[in-house]
Amino acid sequence: MADPGAEEPSPRTESPDGEGRVSEDRSLLHQRLAIRELIDTEVSYLHMLQLCASDIRGRLQQLPQGDLDVLFSNIDDIVKVNSRFLHGLQETASREEDQVQLIGNLFLEFQEELEQVYKVYCASYDQALLLVDTYRKEPELQREIQGIIEAVVPQAGSSGLSFLLVIPLQRITKYPLLLQKILENTLPDASAYPVLQRATHALQDVNANINEYKRRKEVASKYTRVEQLTLRERLARINTHTLSKKTTRLSQLLKQEAGLVPRTEDKEFDDLEERFHWVSLCVKETKNNVAAYLDNLEAFLHFRPQECDLDVGGGPVVQYCSLTRDLQLQAFPEFKRRLEGLVWQPLCSLAKTLAGPQNLIKKRLDKLLDFERVEEKLLEVGSVSYEEEVARHTYQALNSMLVAELPQFNQLAVQWLRQILCTFVALQRDLAKQVLQRAEGSLAQLPHHHIPELAFRKLVEDALGQTSHQLHSFQKNFEKVLPPPTIQPLLPGAERQVQALLSRYGPGKLYQVTSNISGAGTLDLTLPRGQVVALLQNKDTKGNSSRWLVDTGGHRGYVPAGKLELYRVVYRDKELRGQAGPHEDSRHLTPEPTPVPVSSVPTMTQVVAVYPFLARSSHEVSLQAGQPVTVLEAQDKKGNPEWSLVEVDGQRGYVPSSFLARAPRPAPWGWSLPS
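Source: prediction; values computed, not measured.

*Asks:* Before we go on, may I ask you to explain the pairing of strand β9 (residues 628–633) in this structure?
*Replies:* Every regular strand shows the same layout, with side chains that alternate between the two sheet faces. Of the strand pairs in this sheet, strand β8 (residues 605–609) and β9 are connected by four bridges, and their pairing is antiparallel. In the sheet register, Gln-606 faces β9, and the bridge partner there is Thr-630.

*Asks:* Is there a simple way to think about helix α6 (residues 139–152) in this case?
*Replies:* An α-helix turns once per 3.6 residues; consequently, residues spaced three or four apart project the same way. With 14 residues, α6 should reach 20 Å at 1.5 Å per residue; the first-to-last C-alpha distance of 20 Å fits that figure. Along α6, the residues that are buried comprise Leu-141, Ile-145, Gln-146, Ile-148, Ile-149 and Val-152. Axial view of α6: buried residues confined to an arc of 160°, hence all on one face. Those residues of α6 that are exposed and aimed more than 90 degrees away from the buried face are Glu-140, Arg-143 and Ala-151.

*Asks:* Could you clarify how one ought to interpret the packing of aromatic side chains in this entry?
*Replies:* To describe a pair of aromatic rings, one takes the distance between the centres and the angle between the planes. Enumeration according to the criterion identifies 12 aromatic pairs in this entry. Considering the side-chain rings of Tyr-293 and Phe-335, the 6.5 Å spacing of their centres and the 75° angle between planes classify their relative orientation as edge-to-face. Placement of the pair is Tyr-293 in helix α12 (residues 267–302) and Phe-335 in helix α13 (residues 316–353), with a sequence separation of 42 residues. On the basis of relative accessibility, which here comes to 26%, the residue Tyr-293 falls in the partly exposed class.

*Asks:* It is not clear to me how the side chain of Asn-74 should be interpreted in this structure. Could you clarify?
*Replies:* Mapped onto the elements of the fold, Asn-74 is located in the loop between α2 (65–72) and α3 (75–92). Looking at Asn-74, its side chain comes within polar contact range of the side chain of Ser-73, at 3.3 Å. Residue contacts for Asn-74: discarding those within four places in its chain leaves Val-117, Val-120 and Tyr-121.

*Asks:* Would you mind going over the sheet that holds strand β1 (residues 510–513) with me for this structure?
*Replies:* Pairing is antiparallel across the open sheet formed by five strands, whose spatial order is β4-β3-β2-β1-β5. The open sheet has two edge strands with one neighbour each: β4 (556–560) and β5 (564–566). Averaged over all pairs of adjacent strands, the angle between strand axes in this sheet comes to 50°, irrespective of strand direction. Sheet topology note: the strand β2 (residues 532–537)/strand β3 (residues 547–551) ladder contains three bridges and is antiparallel. Bridging across to β3, Leu-535 finds its partner in Val-550. Set on the sheet, helix α17 (residues 495–505) makes contact with β1, β2, β3 and β4; between it and β2 the angle comes to about 25°.

What counts, and at which threshold
Residues numbered from 1 in each chain as written. Predicted model: local features only at pLDDT ≥ 70, side-chain atom pairs only at ≥ 80, totals over all residues. Heavy atoms only, no water. Pairing = 2+ DSSP bridges. Helix = DSSP H or I, 4+ residues; strand = E, 2+ residues; numbered from the N terminus. Expected span 1.5 Å × (residues − 1). Buried < 20%, exposed > 50% of the residue type's maximum accessible area, 1.4 Å probe, protein only. Arc of directions from axis to C-beta. Phe/Tyr/Trp six-rings, centres within 6.5 Å; stacked < 30°, edge-to-face > 60°. Polar contact = N/O pair within 3.5 Å; in protein donor to acceptor, adjacent residues only side chain to side chain. Contact = heavy atoms within 4.5 Å. Axes fitted to C-alpha atoms, helices over the stretch in contact; angles between N-to-C directions.

Take a look at the structure:
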């Protein structure tokens with residue numbers, strides 16, 4: 001029997017082993033509840049996403065498509081990723097003993113995908129909230145939106161769109177908390193504990209990376225905007241702070257150029273920047289070429305030979321005119337419309353997208369100078385101010401984002417450009433096919449349609465050669481009638497300028513402008529006909545030999561090479577003109593060939609203008625070729641016979657004497673077309 005004096009254990013008192021088992025059971029229960037919470041909330045979350053992506057977005061048709069793209073961002077990608085993630089979570093329930101470890105592995109498996117889709121959504125969240133605020137300022141539109149949301153999601157309440165848009169942000173930030181809750185109720189010696197711990201840290205890193213990406217995007221958006229400011233607006237932004245920053249950057253740059261401080265080398269970024277500039281150059285050149293192509297196409301459409309009266313009745317000419325008229329009215333205009341819509345407009349959009357990264361790369365250089373200065377101070381002093389620390393982080397954010405996104409941008413830009421070029425080729429192919437189809441019915445009625453291709457080419461070459469011979473013969477006979485062509489005489493008072501150019505560059509470098517030049521670019525010159533210039537370089541900076549760099553004696557710039565002719569200097573004693581003493585050896589410059597002597601154009605004589613002439617001042621008068629002219633004085637006020645005072649249609653002024661000739665006698669011109 002037991003000792004009646006001994007204390008009996010209380011029924012409420014448990015052994016240490018029993019307490020441990022109770023604690024384990026309690027932890028296991030909380031772990032199961034945390035897992036159940038994770039799965040159940042994931043089901044509800046995915047259901048809410050699907051409502052937003054399908055029902056709500058589909059009913060908000062009164063909003064522009066651009067607004068919908070901003071509001072819902074990449075929600076479709078989030079739905080796809082979370083659908084597969086939920087499917088994986090639900091499959092872990094069938095293996096209850098390994099469920100915790102499977103959940104940890106599942107989060108590690110989806111870590112990268114979750115970060116990729118959620119960082120895009122979170123980066124555009126602030127812009128979506130700005131749109132929501134604009135809708136609230138329009139009561140009628142706000143009521144429509146609120147009614148649609150309450151009909152689909154009653155629990156949204158008065159928050160409306162804001163309630164729905166914040167759900168993905170709340171979910172991605174809740175994953176680490178749910179994992180932490182499961183981890184806290186998992187024994188440290190359990191096999192699933194290390195995996196679950198890594199998963200918790202991984203999701204915390206995902207959230208940190210998303211926040212950093214969002215910060216970089218905010219910094220980039222600040223500097224990506226390309227503002228078109230006037231000079232007054234730019235000057236208004238200048239203050240002591242901006243002047244101090246720019247002065248400091250300039251000082252840092254000069255130190256680097258002088259070798260006083262080292263320059264930060266970033267081979268990875270330099271390669272990406274070079275690739276980007278190469279892509280930009282390709283886009284720019286393609287855009288210029290397509291613009292020239294469209295201009296030529298427009299000029300081609302204005303040329304309509306089928307509307308000319310050829311004075312040829314019936315036969316192939318009628319078929320040709322009918323076919324050409326059909327192409328001019330239908331095929332070519334349709335081709336132009338498709339070319340503008342499928343090639344030109346996408347090309348302009350692509351060129352426009354390059355402006356943001358270009359501005360960002362430019363800002364990176366400024367921020368790099370700030371960063372280098374702060375790093376130098378940090379090494380010397382050991383501490384920096386708050387503003388300097390912000391400058392460091394700004395550069396690091398810009399550089400990291402450019403290094404991360406420029407490769408993808410360059411790749412997409414090249415693909416975009418390649419697609420535009422392929423479309424251009426396809427449009428050309430379609431046009432050729434369409435022209436051949438339209439011409440199929442007319443080809444049989446045209447002559448020589450039965451001749452083989454090689455024989456037809458030989459026939460065309462022979463016909464063109466014969467026609468060319470006839471044109472040359474016609475040209476030779478025509479040249480016998482008119483006086484020989486002359487170069488535009490020197491402008492009044494230009495002898496001194498020509499003498500200066502001659503002494504500086506020599507006669508082999510002097511050229512004369514054959515027709516008026518109107519400069520279009522900032523470096524292009526505007527010159528009158530007859531101006532003498534000196535050649536500096538026979539091509540521009542891009543190697544284009546059709547634009548020459550010249551010196552006028554006062555200005556330097558580019559002119560079309562086709563409007564310049566070599567200026568041959570002829571020296572003649574002034575004694576021959578009676579303008580110098582018998583012992584004076586000064587010389588006078590005139591263009592070659594020598595103009596028609598003034599003695600051939602007597603005073604008060606009726607002559608005709610051989611060439612057209614455009615007056616360049618109030619002292620001159622314009623001429624039309626073949627226009628009757630009355631010569632009043634065969635020289636100017638200084639006795640220069642190269643200019644004559646004339647009267648044309650009641651107007652008086654000076655014209656080049658070489659542009660005048662005696663009126664021809666009413667006799668046959670003396671040429672005939674070759675047979």
